[in-house]
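Below, each chain spelled out in residue letters.
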Amino acid sequence: MQDLTGRGDSVPPSIVNPNREPRSRKNTDAFGDLLCMLCFRANSFLPTIASPRNNLHFDMATSAASSPAKLAEGADKLFLRTPLIYSSPISLLLGKPVYCKIDALQSSGSYKDRGMANLCKSYAMEGAQKLISSSGGNAGLAATTMGAKLGVPVLVIVPETTKPVVIDKLRSLGAEVTVHGVNWNEADKLARELVDADPGSKYVSPFDDPLLWTGHSTIVDEVLDDLDSIGAIVVCVGGGGLLAGVLEGLDRNNKVDAKVIAAETEGASSFGQAWEAGKVVTLPGIDSVATSLGARSVAPVVLDRANAHAGGVFSSLCSDAEAVDACLKFSQDHRLLVEPATGAALAVVYSERLRERFLKDVEGPIVLEVCGGSGGESNGEFQEVAIHHLEQLIMPNPPSGLGSRDR
């Protein structure tokens, strides 16, 4: 077998998120049972930790990067330094070294803990008496998680489309939740109005704030603690906060030659359409199973930073089916089920048409930002598709009377 790592480590880490909430829907037992069966039936999994600095436990965030991010004092203690693992299955698929940065293991379930730690700690140091967020997705969960750690109350304004399981989870983490508006834009408008009316509160943007971007840039710092270079890095894009942070980290660490692939689904392509038009575009709506990519427009700074990046930024669009398929293939390869938003990034390696287009000529390690997993718990459509795929993987030709549920 071809050795693409050049390293001798072969220590299997645990990749179970201890903060994961149980699913509260009718297919919970079936989904869990099928996933467990898949974990035992799939081929053996022995990922390689990229560096001895990445131990089997998850350390609080520390960095030895050449130019680490300047965070609010103590913010680095509020999120986790996550594993960077060498992916044998994906590396063999591409014929190139591929590493996965597993930020789905952050306390809230996504990479957003990084930026929210920096933003919320900065506000706490300024004396904020309340944090008001307008996201019922990963950003709201991260803001609530940070508020609980800092002892600052959090109010989350969510639109009417937010699923009850998300609202319940936010409340269980200690947030006050108000449901308002038919979409995020209306919820966000109310959040800003409430902040204007309360001098002791601070507005917490889901993606459009320099403090968030700097927090997210720590992903690059940690990757460069373990790798000498980055040939390409693949990230998904919603409002653009993650992409802005990754570009900031690459620039600060003088890795401007790294190729950046910005991944979205076709029904949530706010960056892709803006990139093609050369200006911010507002989508009429979001039509995708990847609900965490649900920003109708990206932050303007994302386009500015993408245009300035010497290594090039490339927009990758996949179908919902490709995103979900990538999630299932990743679960088979790495025993971790992530949400379809992350699947948009994973589709860049699992979809033959996308990897041929974006990764064929890459030289050097390819890094996949496995950014989140919390959205998969609340997305019933995704779970139905996932159950079907898992059944086919485990028992493609079930005996008569089994696996015959109408679809």
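Residues numbered from 1 in each chain as written. Predicted model: local features only at pLDDT ≥ 70, side-chain atom pairs only at ≥ 80, totals over all residues. Heavy atoms only, no water.

Undergrad: Which parts of the structure should I look at to understand the pairing of strand β6 (residues 176-179)?
TA: Each regular strand carries side chains that alternate between the two faces of the sheet. Sheet analysis places strand β5 (residues 154-158) next to β6, joined by four bridges and oriented parallel. Looking at β6, one finds that I157 is bridged to T178. The parallel pair β5 and β6, bridged by helix α5 (residues 164-172), forms a crossover whose chirality is right-handed. (Pairing = 2+ DSSP bridges. Helix = DSSP H or I, 4+ residues; strand = E, 2+ residues; numbered from the N terminus. Right-handed = clockwise from strand over helix to strand, strands pointing away.)

Undergrad: Can you help me understand the pattern of salt bridges in this one?
TA: When charged atoms on two side chains of opposite charge get close, those side chains can pair. Tallied over the entire structure, the rule returns 14 salt bridges. A salt bridge links R114 to D103; the shortest N-O distance between them is 3.0 Å. Taken together, the residues span a long stretch of sequence, with R114 in helix α3 (residues 112-125) and D103 in the loop between β3 (98-102) and α3 at a distance of 11 residues. For the pair R114 and D103, a shared accessibility class is recorded, and that class is buried. We note a salt bridge from K189 to E193, for which the minimum N-O separation is 2.6 Å. Of this pair, K189 and E193 both sit in helix α6 (residues 184-197), separated by four residues, roughly a single helical turn. For E193, a relative accessible area of 39% gives the class partly exposed. When salt bridges with common partners are traced through the structure, they connect K101, D103, R114 and E222 into a single cluster. (Salt bridge = Lys/Arg side-chain N within 4 Å of Asp/Glu carboxyl O. Buried < 20%, exposed > 50% of the residue type's maximum accessible area, 1.4 Å probe, protein only.)

Undergrad: I tried to follow the packing of aromatic side chains on my own but got confused; where do I start?
TA: By convention here, two paired aromatic rings are described through the distance between centres and the angle between planes. With the rule as written, the count across this model stands at three aromatic pairs. Note on W184 and F207: the rings are 5.9 Å apart at their centroids and 40° apart in plane angle, and the pair reads as tilted. In this pair, W184 sits in helix α6 while F207 sits in the loop between β7 (201-204) and α7 (210-216), placing the two residues 23 residues apart along the sequence. The exposure class assigned to W184 is partly exposed, which follows from its relative accessible area of 23%. Residue class for F207 comes out buried when judged on its relative accessible area of 13%. Over the face of the ring belonging to F314 we find K259, whose NZ or CZ atom lies 4.6 Å from the ring centre. (Phe/Tyr/Trp six-rings, centres within 6.5 Å; stacked < 30°, edge-to-face > 60°. Lys NZ or Arg CZ within 6 Å of the ring centre and 35° of its normal.)

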